[in-house]
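# Structure assessment
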Amino acid sequence: MQQQTMKIIGMTCAACAMRVEKVTAKLPGVSRSSVNLATERLTIDFDEQKLSLTDIQAAVADAGYEAAEDMTDREITIPISGMTCASCSQRIEKSVGKMAGVRESSVNLATEKATIRYNPSEVRISQIKAMIVKLGYTPLESTSAHATDADRLRKQKDIRTLWTKFIVSAFFSIPLLYLAMGSMIGWLRFPIPALLKPMHYPLNFALAQIVLVIPAIIAGYRFYVVGFRAIWHRSPNMDSLIAMGTTAAIAYSLFSTWRIVSGDLMAVEHLYFEIAGVIVTLILLGKSLEAVSKGRTSEAIKKLMGLAPKTALVLQDGNEIVIPVDEVEPGDMIIVKPGEKIPVDGEVVEGFTAIDESMLTGESMPVEKTAGDRVFAASINGNGSIRFCATKVGSDTALAQIIRLVEEAQGSKAPIAQLADVVSGYFVPIVFVIAVLAASLWLISGESAVFSLTIFISILVIACPCALGLATPTAIMVGTGKGAEYGILIKGGEALETAHKINTVVFDKTGTITEGKPEVTDILTTAGIGREDLLQLAASAEKGSEHPLGEAIVRMAARENLAFLKVDAFEAIPGHGIEVTIGGSTVLLGNLKLMQERKIATASVVLESDRLAGEGKTPMFVARDGALAGIIAVADIMKESSVRAIRKLHDMGIEVTMITGDNRKTAEAIARQVGIDRVLAEVLPQDKASEVRKLQGQGRVVAMVGDGINDAPALAQADIGIAIGTGTDVAMESADIVLMRSDLMEVPTAIQLSKSTIRTIRQNLFWAFGYNVLGIPIAAGVLYLFGGPVLNPMFAAAAMSLSSVSVISNALRLKLFKPYR
C-alpha cells in the first residue's frame, strides 16, 4: 500500500470535499480516502499494483476538480540554542507541531536539536525558525558535515562562557555571603569591618550587599530574560522559577533597604540579597557541570568523526597529487601507503595488504585485501601498498552512514520519554500554584512575611524539571554510542527500548546461522579410487558448473593444489546433477535420483549417505563408467559464534527459532547442532514475514535476524529487525539494529545493552520524580510542622543543580557497559 497527498484545486464547500472523497474512495485498490477542505488536500491510501496517480487524477478531473501531486514531506534537524529545561523543549515541540504543514515535531533537550517533518508546500523552514525565535530561542544552522563541527565549537564556547559567568558570580557572591552571615558568627578569622557592621551602620551594610549582588545577577541575567519572557508567553520554565524566586528575595531586600533609609533600623534583619546571589552562583555551577556532562554523552560521535582522514593521495593524469577528501569523486584512483588511513570507500585494483577495520566492525584482527576486495573509509592500512577505485564518497561512505545512524538514534525519543514530556509540560505551572498556596497558608497561619517568603523562594528554586527532561535522552545517547563501539548500530530510541522486551529471536539460516558459503565436509571413496583422485575427478567435472555446491568442490581442490583434468563434454541435468566426459571416461556427479536413473549401484553407501543427510550435509554421488566412485558431502558450515550466541540467548530466557527454505530434515539436523528450540522449514521467502506475524499473534515479542534481500519483509514485520552488516543494503535499511560484524554474539549483546539502558532510564526517572516528590514538600515546610527545620533557599538551589548532574552522571555509567559472555 502507498499513501499519497494531493492538492485538490476547485473545491468551494464541504459538498465539494465530500464528492472528491466519494469518487476516489470507489476506485479499485483504495483502502482510505480523506479530503481536508481547509488545507485543500486529499490523503489517499491505495494499492500501487491496481491504481496509479494518473488514474486518481483522472477520476478527480471527471468529478470537476483538479488533483495536483503534492510535494512529499521532508525532514530537517535544527540545532537550538537557549533551552534550559524540559519545559523549554516541550514548549518548542508543541508550538512548532501546531504549525500548518508540520507533520511531526520532536525536540531533544540533551542534544539540543529539533527534528521536524514538514510539507514544504505548506510551510517553509524560515517560518519554522521564525516561530522558534518568537518563542525566545535561537535556531542555528541545520545539521550538516560543516554544521556539526560548528555545533561542537559552539558547545565548547558555551561551556567556557558558563564557567566564566560562574567564576564572576562566585567572586562576588562569596564575599556577599560572608558579609551577610559574618555578624552571626563571632569566631570568623577575618571579622567584618566596623563600617559594615549591621547594628552600627545598617545602611552601609545594605548598600555593600547591593553592590556585591549586582555583578552576580548580571552574570545570571539570562535566567531573568528567558524566565520572564516565558511567563509573558504563558509557558513558564525552570528559568521562570529561578527568576521569580530570586526576584522576590531581591525585591523584599530592596524594600527593607528603603525602610532602613526611612529610619527603621531593625529592617536590617530582613535583607536577603545573599540568597539571590548564592542561588544564581550555584545554578551557574550546576549548568556548567551539566554542559560538560552532556558533552561527554556524545563522545561516540566525536570519536567516529575524528577517524576520517582529511586528505587523499589521488592518481590524476599519471601524477600523484594530494587533495582534500571532500574533493574525491567516485571513479578516482587512490593510492594508500603502509600505515595510512583509507580516505573513502572503494574496491582494490592493485596490491595486497591487511587492513584494520576495527573502527567499522569492532573486529581487532586485520583483514587481508587483494584485487576485487572492498575497502572502507577510516580503516587503517597495514604493511602493504594498494591502489583502489573510489566507489562511495562523502555522505555515502560506510563511516558517514554509521555517523548518521548514531546521530539519528541519539536524537530520537524512546516511548518511555513521553511520560517525562507530559509531566514537564504541566510541572512548572503547578509548582507556581503550590508555591503561592504554601506561602499564603503559612502567612494566614500566623507566620511572618519573611517566613512565607522563604517558603515561596525555596519551592520555586528546588522544583527543577531539568532532571526529568534529561533522564531519557542522555541514557539513549550514551547507550547508542556504546553500541557503536561494539559495532552495533541502533537506529533509534524506540528500537533501544523495545529490544529489552524480546522473548523470541528468529534466525534466518543461510548467511546468518551458517556462513552462507558451502564447503566440502566429507569425502568417502569406494575401492579402486583414492581420496585425491575422487576430489580431482569431481572438481574437474564441476569446473564448468556455476552451482554453489559444485563451486565448493572446486575451491577444495584448488586449496589442495590439485590439477584440473580436461573436460571433453559437459551436460547439466536439471534437478539431478551433471554428466561429463573426462579422458574418455563418463563421469556422473549428482544426487541419489541421478544414480538410480542410471542404474548405478549405491546400496553399499546408503547408510553413510543417510548419516550425512541427518547431519545437515548434502551428499553428492560420483560415478565413473557406470560404477560408483564415492560420495563428496557439502554443507553450509556453522558460524563459529552460532552455538555460543544461541546458548547465551537461552541463558537470558529467550526462545530461539530458525527459519529456512531448506527441507525439514536438513533444517532439523542443523537445529540440533546449534540448540535451536523451534524450526520453521520449507518456508518460501515471501512467507517469512507471515511466519513472524504468527509468532507475534501468540503474544511473543519477536526479533528477526537476517542478511538477505528476502529477509527484508520479515525484518520490517518483526518488533525488532536485526540485520547482519555483511548482508545486503536492503536488509540493513529494513532493520532496526545493524550488526557490523557477522558475529552472532552481538545479538545477545544488543539485548543486554537495551536492558542496561532501559534500567538506567528507569533509575533516572525514579530519581527525577522522587527528587521533586520529596523536595517540594520539604521546601513547603512539612518538616517544620513537626518541629523540624525550614529549608534554606540556598540549599534548595544546590540540591536542584545537583539533581540534573546526578541524572547525567548515572547515564554516563553506561560507558562502563561490557557484555557478559
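The rules behind the values
- Residues numbered from 1 in each chain as written.
- Predicted model: local features only at pLDDT ≥ 70, side-chain atom pairs only at ≥ 80, totals over all residues.
- Heavy atoms only, no water.
- Helix = DSSP H or I, 4+ residues; strand = E, 2+ residues; numbered from the N terminus.
- Buried < 20%, exposed > 50% of the residue type's maximum accessible area, 1.4 Å probe, protein only.
- Contact = heavy atoms within 4.5 Å.
- Expected span 1.5 Å × (residues − 1).
- Patch = residues over 30% accessible without salt bridge, like charges linked within 9 Å, V, L, I, M, F, W, Y side chains within 5 Å.
- Areas by Shrake-Rupley, 256 points an atom, 1.4 Å probe, with all protein chains shown as cover.
- Salt bridge = Lys/Arg side-chain N within 4 Å of Asp/Glu carboxyl O.
- Phe/Tyr/Trp six-rings, centres within 6.5 Å; stacked < 30°, edge-to-face > 60°.
- Lys NZ or Arg CZ within 6 Å of the ring centre and 35° of its normal.
- Core = buried A, V, L, I, M, F, W, Y, C linked by side-chain atoms within 4.5 Å.
- Pairing = 2+ DSSP bridges.
- Axes fitted to C-alpha atoms, helices over the stretch in contact; angles between N-to-C directions.
- Parallel < 35°, antiparallel > 145°, perpendicular 65-115°, else oblique.
- Nonpolar A, V, L, I, M, F, W, Y, C, P; charged D, E, K, R; others polar.
- pLDDT = per-residue confidence, 0-100.

### Let's talk about the overall build of the protein chain
- If you tally the helices and strands in the protein chain, you get 29 helices and 30 strands.
- In the protein chain, buried positions account for 52% of the 821 residues.
- Contacts spanning at least 24 positions in sequence make up 67% of the contacts within the protein chain whose residues lie at least 6 apart.

### Topic: helix H3 (residues 86–97)
- Here H3 is 12 residues long and its end C-alpha atoms lie 16 Å apart, about the 16 Å a rise of 1.5 Å per residue gives.
- By the criterion of burial, H3 is predominantly enclosed, with 9 of the 12 residues buried.
- Taken as a whole, H3 has its buried residues at Ala-86, Ser-87, Cys-88, Ser-89, Gln-90, Arg-91, Ile-92, Glu-93 and Val-96.

### Quick word on a nonpolar patch on the surface
- Taken together, the side chains of Val-433, Leu-437, Leu-441 and Ile-444 present a nonpolar region at the surface, about 440 Å² in accessible area.
- Following the sequence through the fold, Leu-437 ends up in helix H13 (residues 417–444).

### What to know about the packing of aromatic side chains
- Taken as a whole and judged by the stated rule, the model has 9 aromatic pairs.
- Considering the side-chain rings of Tyr-486 and Phe-817, the 6.2 Å spacing of their centres and the 85° angle between planes classify their relative orientation as edge-to-face. Remark: Phe-817 occurs in the segment after helix H29 (793–812) and Tyr-486 occurs in the loop between helix H15 (466–485) and strand E18 (488–490); sequence separation between them is 331 residues.
- Between Phe-766 and Trp-767, the ring centres sit 5.3 Å apart and the planes meet at 75°, which makes this aromatic pair edge-to-face. Both residues of the pair, Phe-766 and Trp-767, belong to the exposed class.
- One aromatic cluster is present, built from ring pairs that chain together Tyr-252, Phe-255 and Trp-258.
- One cation-aromatic arrangement involves Lys-543 over Phe-564; the distance from NZ or CZ to the ring centre is 5.2 Å.

### Some thoughts on the pattern of salt bridges
- In the structure shown here, the tally under the stated rule is 13 salt bridges.
- The closest approach of N and O atoms between Glu-519 and Arg-555, which form a salt bridge, is 3.8 Å. Remark: Arg-555 occurs in helix H19 (residues 548–559) and Glu-519 occurs in strand E20 (residues 519–525); sequence separation between them is 36 residues.
- Its relative accessible area of 23% is what places Arg-555 among the partly exposed residues.
- Within this structure, Glu-519, Arg-555 and Arg-559 form a network of salt bridges that share partners.

### With respect to the nonpolar core
- Formed by 58 residues in total, the largest nonpolar core has its most connected members in Val-431, Ile-457 and Ile-459.
- For this core, the secondary structure elements donating two or more residues are helix H5 (145–182), helix H6 (202–219), helix H7 (221–232), helix H8 (238–261), helix H9 (273–297), H13, helix H14 (449–462) and helix H27 (746–779).
- In terms of residue count, the dominant contributor to this core is H14 (10 residues).
- For Ile-457, the contacting residues outside a window of four places in its chain are Gly-245, Ala-248, Ala-249, Ile-275, Ile-279 and Pro-793.
- Counting 51 residues, the second largest nonpolar core, distinct from the first, contains Ala-471, Ile-722, Leu-744 and Ile-761.

### Details of the side chain of Glu-519
- The class of Glu-519 is buried, set by a relative accessible area of 14%.
- Contacts of Glu-519, omitting those with residues within four sequence positions, involve Ala-552, Arg-555, Arg-559, Ala-633, Val-634, Ala-635 and Ile-637.

### Some details on unusual backbone geometry
- Positive phi is not limited to glycine here, since Asn-561 has a value of about 60°.
- Accessibility expressed as a relative area gives 70% for Asn-561, which makes it exposed.
- Phi is positive for Lys-599, close to 60°, though the residue is something other than glycine.
- With respect to the secondary-structure elements, Lys-599 resides in the loop between helix H20 (592–597) and helix H21 (606–614).

### Concerning the sheet that holds strand E28 (residues 702–706)
- Spatially, 7 strands are ordered E18-E30-E29-E28-E19-E26-E27 in an open sheet, and the strand pairing comes out mixed. The outermost strands of the open sheet, each flanked by one partner alone, are E18 and strand E27 (678–680). Direction aside, neighbouring strands of the sheet carry axes that sit 20° apart on average.
- Here strand E29 (residues 720–724) pairs with strand E30 (residues 737–739) via 3 bridges, running parallel.

### Topic: the packing of helix H22 (residues 642–651) against H27
- Orientation of H22 relative to H27, taken along the N-to-C sense of each, is 30°, at an axis distance of 8 Å. Taken together, the axis directions place H22 and H27 in an arrangement best described as roughly parallel. Residue-level contacts link Ala-645, Lys-648 and Leu-649 of H22 to Val-747, Pro-748, Ile-751 and Gln-752 of H27.
- Residues belonging to the contact of H22 with H27 are distributed by class as follows: 5 nonpolar, 1 polar and 1 charged.

### Regarding the sheet that holds E20
- One open sheet holds the 6 strands; their spatial order is E20-E25-E24-E23-E22-E21, and the pairing between them is antiparallel. The sheet is open, and its two borders are formed by E20 and strand E21 (567–573), each paired with just one other strand. With strand direction ignored, the average angle separating the axes of adjacent strands in the sheet is 20°.
- Judged from the 6 bridges that link them, E21 and strand E22 (residues 577–582) form a sheet pairing that is antiparallel. Note that in E22 the partner of Ala-569 across the bridge is Thr-581.

### Structural notes on the confidence of the model for the protein chain
- Overall, the predicted model of the protein chain reaches an average pLDDT of 80, with 84% of residues at or above 70.
- Taking the mean pLDDT of every element in the protein chain, the minimum, 56, falls on helix H26 (residues 729–734) and the maximum, 92, on strand E11 (residues 333–336).

### Remarks on the pairing of strand E24 (residues 618–624)
- Judged by how many residues are buried, E24 sits mostly within the fold: 5 of 7 residues are covered.
- Taken together, the 7 bridges between E24 and strand E25 (residues 627–635) define a ladder with antiparallel strand orientation. Residue Thr-618 lies in a different strand from E25, and its bridge partner there is Val-634.

### Side note on the environment of Gly-530
- For Gly-530, the location among the structural elements is in the loop between E20 and helix H18 (531–542).
- A relative accessible area of 30% places Gly-530 in the partly exposed class.
- With 100 residues separating them along the chain, Gly-530 and Gly-630 place their C-alpha atoms 9.5 Å apart.

### Re H27
- With 34 residues, H27 ought to run about 50 Å at 1.5 Å a step, and its terminal C-alpha atoms sit 48 Å apart, in line with that.
- The first or second residue beyond H27 is Gly-781, which carries a positive phi of 100°.

### Describing the environment of Arg-222
- As for its position among the elements, Arg-222 is in helix H7.
- Counting along the chain gives 17 residues from Arg-222 to Asp-239, while the straight-line C-alpha distance between them is 8.3 Å.
- When near neighbours in sequence (up to four residues on either side) are disregarded, Arg-222 contacts Gly-82, Met-83, Thr-84, Gly-227 and Asp-239.

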